[in-house]
Amino acid sequence: NSDDKLKAEIKEAYEKVASTAHMQGNIRLANKVMSRLGYTDHQIQVAGVDAYNYQGVGCPHTHAKIQPGENVLDIGSGLGVDSFIAAATTGETGFVTGIDISKGEVLHANTRAEARECKNAKFIQADMESMPFKDESFDVIVSNGAFCLAPDKEKAFKEIYRVLKPGGRFSVCCTTLLTSLEEQVNWPICMRVFMPLVNAEPMLKSIGFQNILVDDSDSKMDLEISVDEDVGVSSENISGGRKGVHVGSEEFRHLENYDMNKLCARVVLVGVKPSV
């Protein structure tokens, strides 16, 4: 069906990203992006050399408030950056499981976990709409950008509800639509499956979540990052042969004419599963 085709297309795109994840990126620029999105200096320090493989759209940790000893799930864990930060936060008595649709990204993240001697994190290939976990398995769930790409958002959030322990919480950073997209325009796959922002809170309520928050306090799509001369940003060393999903792609050059801040908004969706 169409959802399966979308998932196959998404998987293929991120397998390409994984194929160049071992190549060094611009770490100073990556640190600036993470700082701009709300990561603390300590969290950026924890990310370390993995920061240039950061793929998120926000910082889920601020609302997640991960505590020592908690069992954490990172949905769409990508190349592992947020999982490594979560693992450092939950500590030796806690554990982080990362899932991703891309086999290559999972392999890279597990390789990096071993290299970092991060013993309280593991990564598996799985579909967020049908997760291989028992009911009530996790204290907290984070996700950063992956829910943008779930074809069936309600199904994916119902899975979050199922695998959360009673009283458990989620913090999901994702990009949403502020308006409908023109049908005749060639949009990137991610934008084609973005959720309308107005649908988010009613959907979460209908699933049964409480204390719902839609944090749109930092919603603009263009990140204004002051770039010092020593950061050395150019089109060559931003990518350096590394694969992105659609950044700078000739295929989507026509989108430069659109004001993305009027089309889309980055938000953090937060909620709690009832205790009883």
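Note that the structure is predicted; figures quoted are calculated from it, not measured.

Quick look at the overall build of the chain now. A count of helical and extended segments in the chain gives eleven helices and eight strands. Within the span of the chain, comprising 276 residues, buried residues form 49% of the whole. A sequence separation of at least 24 residues applies to 80% of the contacts in the chain between residues at least 6 apart. Here the chain has roughly 13500 Å² of accessible surface; of this, 49% comes from carbon and sulfur atoms.

So, about empty space enclosed by the protein. Following the criterion strictly, the structure yields one cavity of 30 Å³ or more and no others. By volume, the largest cavity amounts to about 30 Å³. In this structure, the largest cavity is lined by Phe147, Cys148, Lys153, Phe157, Cys174, Thr175, Thr176 and Met195. Put simply, the parts of the chain that give the lining of the largest cavity at least two residues each are helix 7 (153-163) and strand 5 (164-177). It is strand 5 that contributes the most residues to the lining of the largest cavity, three residues altogether. Residue composition of the lining of the largest cavity, by class: five nonpolar, two polar and one charged.

A full pass over the atoms with the stated rule returns eight aromatic pairs. Their ring planes at 85° and their centres at 5.4 Å tell us that Tyr39 and Tyr54 sit as a pair that is edge-to-face. Residue Tyr39 is located in the loop between helix 2 (27-36) and helix 3 (41-47), and its partner Tyr54 is located in the loop between helix 3 and helix 4 (61-64); the two are separated by 15 residues in the primary sequence. Judged by relative accessible area, which is 4%, Tyr39 ranks as buried. Relative accessible area serves as the criterion here: at 13%, Tyr54 is assigned to the buried category. Taking the ring centre of Tyr161 as reference, the NZ or CZ of Lys273 above it sits at 4.9 Å.

Here we take up the nonpolar core. Core analysis: the largest hydrophobic core is formed by 43 residues, its most contacted members being Phe157, Ile160 and Leu269. Taken together, the elements giving at least two residues each to this core come down to strand 1 (71-75), strand 4 (138-144), helix 7, strand 5, helix 8 (189-192), helix 9 (197-207) and strand 8 (264-272). Sort the elements by how many residues they give to this core and strand 5 lands first, with five residues. Other than its neighbours up to four places away in sequence, Ile160 contacts Ile75, Met131, Ile141, Phe147, Phe170, Val172 and Phe209. Counting residues in hydrophobic clusters, the runner-up holds 15 residues, among them Ala64, Phe84, Val106 and Ala121.

Here we come to the pattern of salt bridges. Note on pairing: side chains with opposite charge can pair once their charged atoms come close. Inspection of every chain in the model, using the stated rule, returns eleven salt bridges. The salt bridge partner of Asp50 is Arg112, with a shortest N-O separation of 2.8 Å. Of this pair, Asp50 sits in the loop between helix 3 and helix 4 while Arg112 sits in helix 6 (residues 103-115), and the two are 62 residues apart along the sequence. Of the charged contacts in the structure, one is a salt bridge between Glu154 and Lys158, with a shortest N-O distance of 3.6 Å. One end of the pair, Glu154, and the other, Lys158, are both in helix 7, four residues apart, so they sit about a helical turn from each other. Accessibility expressed as a relative area gives 34% for Glu154, which makes it partly exposed. Among the residues examined, Lys158 registers a relative accessible area of 45% and is labelled partly exposed. Through salt bridges with shared partners, one network takes in Arg36, Asp218 and Arg266.

Among the residues of helix 9, those classed as buried are Ala200, Met203, Leu204 and Ile207. Projected down its long axis, helix 9 shows its buried positions confined to an angular sector of 95°, all on one face. Exposed and facing more than 90 degrees away from the buried side of helix 9 are Val198, Lys205 and Ser206. Buried positions along helix 9 lie against helix 7, strand 5, strand 6 (195-196), strand 7 (210-215) and strand 8.

Rules used in this analysis
- Residues numbered from 1 in each chain as written.
- Predicted model: local features only at pLDDT ≥ 70, side-chain atom pairs only at ≥ 80, totals over all residues.
- Heavy atoms only, no water.
- Helix = DSSP H or I, 4+ residues; strand = E, 2+ residues; numbered from the N terminus.
- Buried < 20%, exposed > 50% of the residue type's maximum accessible area, 1.4 Å probe, protein only.
- Contact = heavy atoms within 4.5 Å.
- Areas by Shrake-Rupley, 256 points an atom, 1.4 Å probe, with all protein chains shown as cover.
- 1 Å grid on protein atoms, 1.4 Å probe; cavity = no way out; pocket = protein on both sides within 12 Å on 5 of 7 lines; lining within 4 Å.
- Points joined across faces, edges and corners; volume = space filled by probe spheres on them.
- Nonpolar A, V, L, I, M, F, W, Y, C, P; charged D, E, K, R; others polar.
- Phe/Tyr/Trp six-rings, centres within 6.5 Å; stacked < 30°, edge-to-face > 60°.
- Lys NZ or Arg CZ within 6 Å of the ring centre and 35° of its normal.
- Core = buried A, V, L, I, M, F, W, Y, C linked by side-chain atoms within 4.5 Å.
- Salt bridge = Lys/Arg side-chain N within 4 Å of Asp/Glu carboxyl O.
- Arc of directions from axis to C-beta.

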